[in-house]
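# Structure assessment
Here is what each chain is made of, one letter per residue.
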Amino acid sequence: MKTLLFSSLLLFGALSFAQTGPCSKGDCQNGYGFYYKKETGDLYHGFYKNGAYNGVGYTQNAKNDYYWSQFKDGKVNGFTVYDEGQGRTWGTFVNGVKTGDHVREIRKQGGIQRELITYENGAEISRKMHSPAEITEATCISGDCTNGYGIYYQNRTLISGKFEDGSFRAGEMVHIDTNTSDFFMPPVETTYTNSYFKYSITGTDNGTNEAGYMSIGPKANGEYVMLNLKQNLFAAALFKDNQMIERF
């Protein structure tokens, strides 16, 4: 299903960076817009309200730092996946300020490594490396998978995240056989009625497909932003119950 969503959205979604103004798609005021300022290298692909980033979006600067988030009044907000030059990281922001535990992927050979970085009001207060010695089926291979941060492996799925009473509360699920990863913080509820932000990546022979979107349970519901940087493909849409209702 996820592959079909990517295929239908990315088709005919290529953008040219030769536009005369920085806003090349949409009005960059309300609804969807694509903004690229050649002089600074700043790029934003996502939703707006009153001229500010509001809703699901992707932003990147000249250093190739990026943020996938649900923006609020122009600032990174809530559960976010980002890279500030040190590797893909996930964690929570409040009005652009890092808070709580953030987990960074270590990009090198030699196994699964994650670094747990804890922030308080934007200030780093601790770091701890997690490097499992071996992978064992259906077990916690690093950290605390009951109440805390841990890495859990089962059925070719690697879960790196925060746990509470043994339940997944936030983080990353790596599906090894399909070469996909899902990053999210689901609401604490027994029935799926509240929406939450989700970021998914899928590796392909033609580059990496990436999407940030609002979801209710496993289904896309609300704003949906997608890209494939290798192919220079960008697309956005609105979904309801996993069905596309409008495309931009």
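Note that the coordinates shown come from a computational prediction; the quantities given were computed from them, not determined experimentally.

So, how was this worked out
Residues numbered from 1 in each chain as written. Predicted model: local features only at pLDDT ≥ 70, side-chain atom pairs only at ≥ 80, totals over all residues. Heavy atoms only, no water. Helix = DSSP H or I, 4+ residues; strand = E, 2+ residues; numbered from the N terminus. Rg over C-alpha atoms; globule rule 2.2 N^0.38 Å. Buried < 20%, exposed > 50% of the residue type's maximum accessible area, 1.4 Å probe, protein only. Contact = heavy atoms within 4.5 Å. Areas by Shrake-Rupley, 256 points an atom, 1.4 Å probe, with all protein chains shown as cover. Pairing = 2+ DSSP bridges. Axes fitted to C-alpha atoms, helices over the stretch in contact; angles between N-to-C directions. Disulfide = S-S within 2.5 Å. Phe/Tyr/Trp six-rings, centres within 6.5 Å; stacked < 30°, edge-to-face > 60°. Lys NZ or Arg CZ within 6 Å of the ring centre and 35° of its normal. Polar contact = N/O pair within 3.5 Å; in protein donor to acceptor, adjacent residues only side chain to side chain.

### Considering the overall build of the protein
When its secondary structure is counted, the protein shows one helix and 20 strands. Relative to its length of 248 residues, the protein is compact, with a C-alpha radius of gyration of 18 Å against a globular reference of 18 Å. Dimensions of the protein, computed from C-alpha atoms along their principal axes, come out at roughly 55 × 40 × 35 Å. Buried residues in the protein amount to 46% of all 248 residues. Here the contacts in the protein between residues at least 6 apart in sequence split such that 22% fall between residues at least 24 apart. In the structure as shown, the protein presents an accessible area of about 12,400 Å², 48% of it carried by carbon and sulfur atoms.

### Section: the sheet that holds strand β2 (residues 31–37)
Pairing is antiparallel in the open sheet, where ten strands are placed in the order β1-β2-β3-β4-β5-β6-β7-β8-β9-β10. Only two strands of the sheet have a single neighbouring strand rather than two, namely β1 (23–26) and β10 (123–130). The average undirected angle you get between the axes of adjacent strands in this sheet is 15°. Examined bridge by bridge, β1 and β2 share three bridges and lie antiparallel to one another. Bridged to K25 within β2 is F34.

### Describing the state of the cysteines
All told, the structure shown has two disulfides when counted by the stated rule. Here C23 pairs with C28 through a disulfide, and the sulfurs are 2.1 Å apart. Its S-S torsion of approximately 95° makes the covalent link between C23 and C28 right-handed. Classification of C28 by relative accessible area gives buried; the value is 8%. In the protein, the bonded cysteines, taken in the order they occur along the sequence, pair up as 1-2, 3-4.

### Some words on the packing of aromatic side chains
Summed over all chains, the structure comprises 22 aromatic pairs. Geometrically, the ring pair formed by Y44 and Y48 is edge-to-face, given 5.1 Å between the ring centres and 85° between the ring planes. Judged by relative accessible area, which is 7%, Y48 ranks as buried. Between Y82 and F93, the aromatic rings sit 5.2 Å apart at their centres with planes inclined by 80°, giving edge-to-face as the arrangement. Pair noted here: Y82 is in strand β6 (residues 78–83) and F93 is in strand β7 (residues 89–94), with a separation of eleven residues, a long-range link. Each member of the pair, Y82 as well as F93, is classed as buried. Each residue in the set Y58, Y66, W68, F183 and Y199 is aromatic and connected to the rest through ring pairs, giving one cluster. Against the face of F184 rests K198, its NZ or CZ located 4.9 Å from the ring centre.

### Digging into the environment of N64
In this fold, N64 is placed in the loop between β4 (52–60) and β5 (66–71). Owing to a relative accessible area of 51%, N64 belongs among the exposed residues under this scheme. Each C-alpha atom, one on N64 and one on N54, is 21 Å from the other, the two residues being ten residues apart in sequence.

### Brief notes about the side chain of N209
Tracing the sequence through the fold places N209 in strand β17 (residues 207–216). For N209, a relative accessible area of 11% puts it in the buried group. Of the polar contacts made by the side chain of N209, one reaches the side chain of N228; its length is 2.9 Å.

### Structural notes on the sheet that holds strand β15 (residues 180–184)
Here we have ten strands laid out as an open sheet, ordered β11-β12-β13-β14-β15-β16-β17-β18-β19-β20, and antiparallel in their pairing. Whereas interior strands pair on both sides, the edge strands pair on one side only; in this sheet they are β11 (139–143) and β20 (243–247). Neighbour to neighbour, the strand axes of the sheet diverge by 25° on average, direction disregarded. Looking at chain direction, strand β16 (residues 196–204) and β17 are connected through nine bridges and run antiparallel. In the strand pairing of β17, K198 is matched with Y213.

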